[in-house]
Amino acid sequence: MQSLQPDPAARYRNVLEALWRIIRTEGLWRPMRGLNVTATGAGPAHALYFACYEKLKKTLSDVIHPGGNSHIANGAAGCVATLLHDAAMNPAEVVKQRMQMYNSPYHRVTDCVRAVWQNEGAGAFYRSYTTQLTMNVPFQAIHFMTYEFLQEHFNPQRRYNPSSHVLSGACAGAVAAAATTPLDVCKTLLNTQESLALNSHITGHITGMASAFRTVYQVGGVTAYFRGVQARVIYQIPSTAIAWSVYEFFKYLITKRQEEWRASK
């Protein structure tokens, strides 16, 4: 849905129509394309992400607001954690998005990696890194600040409470996703280099956020910056809800076992 000039067979009015037509014309498993490379990158990326966030959140909160919760500390910790997360995740995003394009020539992850490496060089896997950061730094700042703000209201004692983690995570993801959709459209363009095949007046590769922003506007105007916003919000709601609930569960489990171990000594 974020494609600037999609093939006539891949023009969708809304998310449900897109999902139905993709399954009908391309097969039941087509919407799952890129799952393996996403899962491979998500493990180390999220490990770095949450470890960095927890450490920095505590350190900065102690400095800014000793003994309390600081929204500035939460946002800053989320921003720094994003640097590590995206460094691990960006190559996986490039491969995933190229495999998900309509009529993608790649059938396997290895085919896509090999073709990108041979035709565009190793730098292609990080061509959108700065734009990814430009999108994800405000996304994560909004995301973490919203999550922690909602936790103060739904779970002021900060105990393990699955329903509050799910609700806070879902709302935080939705707000952050909607606010950063224009940057996500530009990131998709940088990852897929779609304009090379569709716009003969553009020569070479599109590099950098400024070039991506300019191209999006030239092709589709202001409304093009919000292509796929509905799908992005729908995707982020369960994604962030699951991520936070699973993370908080393991955090609770590990902390509880550590306390039991200390008590038994």
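Predicted model only: the values in this text are computed from it and were never measured.

Scoring rules and cut-offs
- Residues numbered from 1 in each chain as written.
- Predicted model: local features only at pLDDT ≥ 70, side-chain atom pairs only at ≥ 80, totals over all residues.
- Heavy atoms only, no water.
- UniProt positions renumbered as here; feature names shortened; annotations may be inferred.
- Helix = DSSP H or I, 4+ residues; strand = E, 2+ residues; numbered from the N terminus.
- Contact = heavy atoms within 4.5 Å.
- Expected span 1.5 Å × (residues − 1).
- Buried < 20%, exposed > 50% of the residue type's maximum accessible area, 1.4 Å probe, protein only.
- Arc of directions from axis to C-beta.
- Domains from an automatic or database assignment.
- Buried area = accessible area lost by both parts, 1.4 Å probe.
- Salt bridge = Lys/Arg side-chain N within 4 Å of Asp/Glu carboxyl O.
- Phe/Tyr/Trp six-rings, centres within 6.5 Å; stacked < 30°, edge-to-face > 60°.

## Brief notes about the UniProt feature "repeat: Solcar" (unreviewed entry) in the protein
Listed under "repeat: Solcar" (unreviewed entry) in the UniProt record, and renumbered for this structure, are residues 1–59, 69–153 and 160–253. End C-alpha atoms of residues 1–59 are separated by 41 Å, and the span's content is 63% helix alongside 0% strand. End-to-end, the C-alpha atoms of residues 69–153 are 13 Å apart, and along that stretch the chain is 79% helix and 0% strand.

## Some words on the environment of Ala141
Topologically, Ala141 is positioned in helix H5 (residues 129–154). Taking the C-alpha atoms as reference points, Ala141 and His71, 70 residues apart in sequence, are found 9.3 Å from one another. Once residues lying within four places of it in the same chain are set aside, the contact partners of Ala141 are Gly75 and Cys79.

## Digging into helix H4 (residues 109–120)
For the α-helix, the turn length of 3.6 residues means that residues three or four positions removed from each other point alike. If you check H4, its first and last C-alpha atoms are 16 Å apart, about what 12 residues at 1.5 Å a residue would give, namely 16 Å. Looking only at H4, the buried set comprises Val109, Cys112, Ala115 and Val116. Taken down its axis, H4 places every buried residue within 135° of arc, on the same side. Among the exposed residues of H4, those oriented more than 90 degrees off its buried face are Trp117 and Gln118. Two residues or fewer past H4, Gly121 is found with a positive phi of approximately 85°.

## Some thoughts on the domain arrangement of the protein
The assigned domain composition of the protein is domain 1 (1–126) and domain 2 (158–264). Here the C-alpha centroids of domain 1 and domain 2 sit 8 Å apart. If you look at the interface, domain 1 gives 18 residues, while domain 2 gives 24 residues. Across the interface of domain 1 and domain 2, roughly 2000 Å² is buried in total on both sides, 54% from carbon and sulfur atoms. For the domain 1 face of the interface with domain 2, the top three residues by lost area are Gln2, Leu4 and Gln5, together amounting to 36%. Run the count over domain 1 and domain 2 and you get 1 salt bridge.

## Section: the pattern of salt bridges
Inspection of the entire model under this criterion finds 13 salt bridges. Residue Asp111 pairs with Arg114 through a salt bridge whose shortest N-O separation is 3.5 Å. With Asp111 and Arg114 both in helix H4 and 3 residues apart, this pair spans about one turn of that helix. With a shortest N-O distance of 3.6 Å, Arg232 and Asp184 are connected by a salt bridge. Of this pair, Arg232 sits in helix H10 (residues 229–264) while Asp184 sits in helix H7 (residues 181–192), placing them 48 residues apart in sequence. Asp184 matches Arg232 in its accessibility class, with the two residues each being buried.

## Considering the packing of aromatic side chains
All chains considered together, the criterion is met by 15 aromatic pairs. Between Trp244 and Tyr247 the ring centres are 5.9 Å apart and the planes differ by 75°, which places this aromatic pair in the edge-to-face class. Pair noted here: Trp244 and Tyr247 are both in helix H10, with a separation of 3 residues, about one helical turn. We classify Trp244 as buried; its relative accessible area is 2%. For Tyr247, a relative accessible area of 16% gives the class buried. Taken together, a centroid distance of 5.3 Å and an interplanar angle of 75° make the contact between Phe249 and Phe250 edge-to-face. One aromatic cluster is present, built from ring pairs that chain together Tyr49, Phe50, Tyr53, Phe144, Tyr147, Trp244 and Tyr247.

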